[in-house]
Amino acid sequence: MKTMKSFRLGVIIFLCKVFLCGFAEESPCTPGLESELLVFKVHQDDLYKGKTLGRVNFNTCNGKTRTLFQSVDKRFDVNEDGTVTLKRPLTLHEAYVVFPVHAWDTNGKKHTVSIRVEFVQHLNGHHKDTVMNISSPQIESPLDPPLAFARSSARLKRAPEGWVIPPINVPENHRGPFPMKLVLIKSEYAKEVQMVYSITGEGADLDPKGIFTIDKFTGNLFVTQPLDREKKASYRLVAHAEAREVANIKEEPIEIIINVIDQNDNKPVFTQNLFNGHVPEAAGKGYEFMTVIATDADDPETDNALINYKIVSQEPQFPKPNMFDINILSGSIFVQEPGMDREQWPRYTLLIVAADMKGKGLATTGTAVITITDSNDKPPQFEQTSYNVSITKKEVELLSKCMLLMKKMLDQVPEHNHAQIGPIG
């Protein structure tokens, strides 16, 4: 009986161990960001260089507290500990700013978080409607007020001076789901009567049509598909609202700017399939003789289009494997090691890599062929070290007579004319 009980207890313990081991295997740590969107609020008077806005938390799964971060917006910097700071004083043009921040784990995988910096105003001395907040495309916050029309009378009139509608920033290549809500547009008349909303302009009723739609009764503005900044970087829409069943009640139209935020979705492209250059074989160190150029279709104001160049191979590798070097920013190639010899190595082929994100992003390769041109670096040489000649006695006597005759002729010429007589012989 005891044997049976011991057997059952052993089976139970074994099954528990198997269960616990299986559970541990199914719950590995995955490096990544704690959130896909972070909202930092800062007072508009505190937009000075070095101001700390907040922190991005990245789980490395290995206990390390430092991670490589990259801010797409050059006005902001992200330290290795995730602290987000202002790189320079910021001039306020919008109610908020949205920009992506990339992080790389130890396996080289890139993770992205959207940072939304909201600028808080003093309540005193500012009209509460001069700047409106707009919900981010990544998240809908019930605390954000809708985009409101300026209150107008029955007939259209100009919006009040200082009325600012901040642009809506939408990252390109967004995965949706679509249609994706961008903002709620609201009329104050909606408290009294049923309002009908509509939009006109680029992406609505003008080409490219149908990209943006609006719910005519709720005022919710949607984007219906992923956007491509390289095709179109911004859209201008006009929002309208009028009463459904009451005549002469309508809002002043407002303009809405939708900016497409760049993502690093284009790799650099060399302007030529093959670059050809020439350099004299006697050129010294630092001699610049050719330039390779690559372009990037991404936003030139971001690191997505900031290209770095690097030489990765040289053929032949003689007399040294690093005979040439390249300016990482301009692509200019110069002599690194003197001692080229056209007679032995008349041509070099360089393989060059151009990568965006300051050399850490998408990359492409190009080829430069360098022809070594001749330099006057070798003196003439006799074919033999000594020469032997023979002359007869009669020839010696004849040569002596000729020399005496030439001497007499020169003695008879006035001294000031000697310079006019060329050498004889």
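As the structure is a prediction and not an experimental result, all values here were calculated from the model.

Evaluation of the coordinates by the stated rule reveals one disulfide. The partner cysteine of Cys-29 in its disulfide is Cys-61, sulfur to sulfur 1.8 Å. One quick way to see it: the torsion about the S-S bond of Cys-29 and Cys-61 is about -75°, and its sign makes the bridge left-handed. A residue pair is termed long-range when its members are at least 10 positions apart, and Cys-29 in the loop between α1 (2–26) and β1 (32–33) and Cys-61 in the loop between β4 (58–59) and β5 (68–71) qualify at 32 residues. A relative accessible area of 45% places Cys-29 in the partly exposed class.

Before going further, it helps to examine the nonpolar core. Within the largest apolar cluster, 26 residues are counted, with the highest numbers of intra-cluster contacts made by Phe-212, Leu-221 and Ile-258. When residues of this core are traced back to their parent elements, those giving at least two are β11 (168–171), β12 (180–186), β13 (195–201), β14 (212–214), β15 (220–223), β16 (234–243) and β17 (254–261). Per-element tally for this core: the top contributor is β16, with five residues. Setting aside chain neighbours within four positions, we find Ile-258 in contact with Ile-168, Val-170, Leu-182, Phe-212, Leu-221, Ala-233, Ser-234, Tyr-235 and Leu-237. Core analysis: the next-biggest nonpolar cluster, separate from the first, contains 24 residues, Phe-275, Ala-283, Phe-289 and Met-323 among them.

Attention now moves to the pattern of salt bridges. Tallied over the full model, the rule gives twelve salt bridges. A salt bridge links Arg-229 to Glu-230; its shortest N-O distance comes to 3.2 Å. Glu-230 gets classed as partly exposed once you look at its relative accessible area, which sits at 27%.

Moving on to a positive patch on the surface. Taken together, the side chains of Lys-74, Lys-87, Arg-88, Lys-358 and Lys-360 define a basic patch exposed on the protein surface. Looking at where Arg-88 falls in the secondary structure, it is placed in the loop between β7 (83–86) and β8 (96–104).

Let us look at the environment of Asn-79. Mapped onto the fold, Asn-79 is located in the loop between β6 (76–78) and β7. Classification of Asn-79 as partly exposed rests on a relative accessible area of 33%. In sequence terms Asn-79 and Thr-67 are twelve residues apart; their C-alpha atoms lie 8.3 Å from each other. Apart from the residues within four sequence positions on either side, Asn-79 is in contact with Thr-67, Phe-69 and Thr-85.

Our focus in this paragraph is the sheet that holds β8. An order of β2-β9-β8-β5 is seen for the four strands of this open sheet, with the pairing classed as mixed. At either margin of the open sheet sits one strand with a lone partner, and together these are β2 (37–43) and β5. On average, each strand axis in the sheet is inclined to that of its neighbour by 30°, with strand direction left out of account. In terms of strand pairing, β5 meets β8 through four bridges, oriented antiparallel. Opposite Phe-69, over in β8, you have Ala-103 as the bridge partner.

Inspection of the secondary structure puts Lys-231 in the loop between β15 and β16. Among the residues examined, Lys-231 registers a relative accessible area of 74% and is labelled exposed. On a C-alpha basis, the gap between Lys-231 and Val-260 in space is 10.0 Å, while along the polypeptide they are 29 residues apart.

By the definition in use, this model includes seven aromatic pairs. Residues Phe-212 and Tyr-235 carry aromatic rings whose centres are separated by 5.1 Å and whose planes lie at 75° to one another, so their mutual orientation is edge-to-face. Taken together, the positions of Phe-212 in strand β14 and Tyr-235 in strand β16 put the pair 23 residues apart, joining distant regions of the chain. Tyr-235 carries the same exposure label as Phe-212, and that label is buried. With 6.3 Å between their ring centres and 15° between their planes, Phe-318 and Trp-345 make a pair best called stacked. With a gap of 27 residues between them, Phe-318 in the loop between β22 (308–315) and β23 (324–326) and Trp-345 in the loop between β24 (332–335) and β25 (347–355) connect regions that are remote in the sequence.

When pLDDT is averaged across the chain, the result is 81; 78% of the residues are at 70 or more. Low confidence marks residues 18–27, where pLDDT is under 50. Its contacts with residues over four positions away, or in another chain, come to zero contacts. For the stretch residues 122–144, pLDDT sits under 50, and the model shows 49 contacts to residues farther than four places along the chain or on other chains.

Let us look at the sheet that holds β16. Pairing is mixed in the open sheet, where four strands are placed in the order β11-β17-β16-β13. In this open sheet, the two edge strands, each paired with only one partner strand, are β11 and β13. Going from strand to strand, the sheet's axes swing by 30° on average, the running direction of each strand aside. Two elements, β16 and β17, share six bridges in a ladder whose sense is antiparallel. In the sheet register, Arg-236 faces β17, and the bridge partner there is Ile-257.

Before going further, it helps to spend a moment on the environment of Ala-363. Within the secondary structure, Ala-363 sits in strand β26 (residues 363–373). According to the relative accessible area criterion, Ala-363 is partly exposed, its value standing at 41%. For the pair Ala-363 and Val-353, spaced ten residues apart in sequence, the C-alpha to C-alpha distance is 6.6 Å. Not counting residues up to four positions away in its chain, the partners in contact with Ala-363 are Lys-267, Pro-268, Val-353, Ala-354 and Ala-355.

Calculation notes
Residues numbered from 1 in each chain as written. Predicted model: local features only at pLDDT ≥ 70, side-chain atom pairs only at ≥ 80, totals over all residues. Heavy atoms only, no water. Disulfide = S-S within 2.5 Å. Helix = DSSP H or I, 4+ residues; strand = E, 2+ residues; numbered from the N terminus. Buried < 20%, exposed > 50% of the residue type's maximum accessible area, 1.4 Å probe, protein only. Core = buried A, V, L, I, M, F, W, Y, C linked by side-chain atoms within 4.5 Å. Contact = heavy atoms within 4.5 Å. Salt bridge = Lys/Arg side-chain N within 4 Å of Asp/Glu carboxyl O. Patch = residues over 30% accessible without salt bridge, like charges linked within 9 Å, V, L, I, M, F, W, Y side chains within 5 Å. Areas by Shrake-Rupley, 256 points an atom, 1.4 Å probe, with all protein chains shown as cover. Lys, Arg positive; Asp, Glu negative; His and termini not counted. Charge placed at Lys NZ, Arg CZ, Asp CG, Glu CD. Pairing = 2+ DSSP bridges. Axes fitted to C-alpha atoms, helices over the stretch in contact; angles between N-to-C directions. Phe/Tyr/Trp six-rings, centres within 6.5 Å; stacked < 30°, edge-to-face > 60°. pLDDT = per-residue confidence, 0-100.

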